[in-house]
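Analysis of the macromolecular model
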Amino acid sequence: MKKVAVIGGGTMGNGICHVFAMNGTSVNLIEMNQELADKALATIEKNLDRMVNKEKIDSAQKVETLENIETHTSTVDGVKDVDLVVEAVPENFELKKNVFSDVDKAAPEDAILASNTSSISITKLAATTSRPEQFIGMHFFNPVPVMKLVEIVRGLDTNQETVDTIEETAKLLNKNPVEVADYPGFVSNRVLMPMINEAIYCVYEGVAEPEDVDSVMKLGMAHPMGPLRLADFIGLDVCLDILNVLHEGFKDPKYRPCPLLVKMVDAGKLGDKTGEGFYEH
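Residues numbered from 1 in each chain as written. Predicted model: local features only at pLDDT ≥ 70, side-chain atom pairs only at ≥ 80, totals over all residues. Heavy atoms only, no water.

**Points about the packing of helix α8 (residues 188-204) against helix α12 (residues 259-266)**
The line we're drawing: Helix axes use the C-alpha atoms of the stretch in contact, all axes being lines fitted to C-alpha atoms, and the angles between their N-to-C directions lie in the range 0 to 180 degrees. Counting from the N terminus, the helices are the DSSP runs of H or I reaching at least four residues and the strands are the DSSP runs of E reaching at least two. Oblique is the label for every angle not falling under 35 degrees (roughly parallel), over 145 degrees (roughly antiparallel), or within 65 to 115 degrees (roughly perpendicular). Contacts are assigned to residue pairs that have any heavy atoms within 4.5 Å of one another.
Orientation of α8 relative to α12, taken along the N-to-C sense of each, is 90°, at an axis distance of 8 Å. Comparing their axes, α12 and α8 come out roughly perpendicular. Of the residues in α12, those touching α8 at Asn 197, Ile 200, Tyr 201, Val 203 and Tyr 204 are Pro 259, Leu 260 and Leu 261.

**Re the UniProt feature "domain: 3-hydroxyacyl-CoA dehydrogenase C-terminal" (unreviewed entry) in the chain**
Worth spelling out the cut-off: UniProt positions are given in the numbering used here, feature names are shortened, and annotations may be inferred rather than shown by experiment.
Here, UniProt's "domain: 3-hydroxyacyl-CoA dehydrogenase C-terminal" (unreviewed entry) annotation points to residues 185-280. The straight-line gap between the two end C-alpha atoms of residues 185-280 is 28 Å; of that span, 62% is helix and 0% is strand.

**Description of the pattern of salt bridges**
Just so we agree on the cut-off: Only one rule defines a salt bridge in this text: a Lys or Arg side-chain nitrogen within 4 Å of an Asp or Glu carboxyl oxygen. Each residue's exposure class comes from its accessible area (1.4 Å probe, protein chains only) as a fraction of the maximum for that residue type: buried when under 20%, exposed when over 50%, partly exposed otherwise.
By the definition in use, this model includes 10 salt bridges. With a shortest N-O distance of 2.4 Å, Glu 87 and Lys 96 are connected by a salt bridge. Summarising the burial analysis for this pair, Glu 87 and Lys 96 share the class buried. Ionic pairing is found between Asp 237 and Lys 273, a salt bridge with its closest N-O pair at 3.0 Å. Separated by 36 residues along the polypeptide, Asp 237 in helix α11 (residues 236-250) and Lys 273 in the segment after α12 bring together distant segments of the chain. Sharing partners across several salt bridges, the network here consists of Glu 45, Asp 49 and Lys 62.

**Regarding the sheet that holds strand β7 (residues 149-154)**
So the rule is basically this: Two strands qualify as a pair provided DSSP detects at least 2 bridges between them.
Spatial strand order, β3-β2-β1-β4-β5-β6-β7-β8: eight strands in an open sheet with mixed pairing. Edge strands, defined here as strands with exactly one partner in the open sheet, are β3 (69-72) and β8 (176-181). Mean inter-strand twist for the sheet, computed between neighbouring axes without regard to direction, equals 25°. Both strand β1 (residues 3-7) and strand β2 (residues 26-30) contribute to a ladder of five bridges, which runs parallel. When the sheet's bridge partners are listed, Ile 7 is paired in β2 with Ile 30. In the packing of helix α5 (residues 93-106) onto the sheet, the strands contacted are β1, β4 (84-87), β5 (112-115) and β6 (135-139), and the crossing angle to β5 comes to about 165°.

**Here we look at unusual backbone geometry**
The omega torsion of the bond from Asn 142 to Pro 143 falls at 0°, within 30 degrees of zero and hence cis. With phi around 55°, Phe 186 is a residue other than glycine that occupies positive phi space. Here Phe 186 shows up in the loop between β8 and α8. Look at Phe 186 and you get buried, because its relative accessible area is 4%. The backbone phi angle of Ala 222 is positive, close to 60°, even though this residue is not glycine. Tracing the sequence through the fold places Ala 222 in the loop between α9 (210-221) and α10 (227-234). Judged by relative accessible area, Ala 222 falls into the exposed class, the value being 64%.

Written out as structure tokens, the structure reads:
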């Protein structure tokens, strides 16, 4: 991939920009306004500084990475000359549908369209475009510069050439691609979110305090981070969105979000991003 567009400069989007740019790819970072684009660039620079301090890269590599990123506030301008578009906007089908409607009209005919969605159907998103055979899921994990896994999600019409290209692209980013089928939550969140939800039920039902739930999972199951601390890190609103996708997709009550999770999201206690969730940050 000589040139890539990343739509959305939030937690996942700026991380995706970071890894493409650091591996020599020109990146168009597309945000709604220049203030958000500048904020994303500042985050990338901060993370690069951390890598320099840890001697994972040198100062010249930091400069080269930043020079590979160009910001845009127009989707049409940002995707008109790219080989790949990676969408990384919030986990909402209608929002993603609108993004891909604009992208599909403006991107080159041979460009691959990818979504970083963590749970929404790739087949359903692909069907909103004129190129479902060139549409794929490319699900990175947070923090993107650190985490090695990329779930490669094949939609119903995704062709083999697209799958092969994206798997090779992931390897060039020093990631480990794992191909999964297009079902709600794929593999990662289909397994993870019920565990997080059950941990929340333990707090809701008075079985244990958040710190104690997390201690059991860290000390007894060797998890590097407890499920409730992880939920705060992911964002409780994101966890709720994914559980709702699982619940709606499978129609199985085991995916029903815990009422405590719903109440905390309603109260605006979303975890790290707001300073308060199951822990204070």
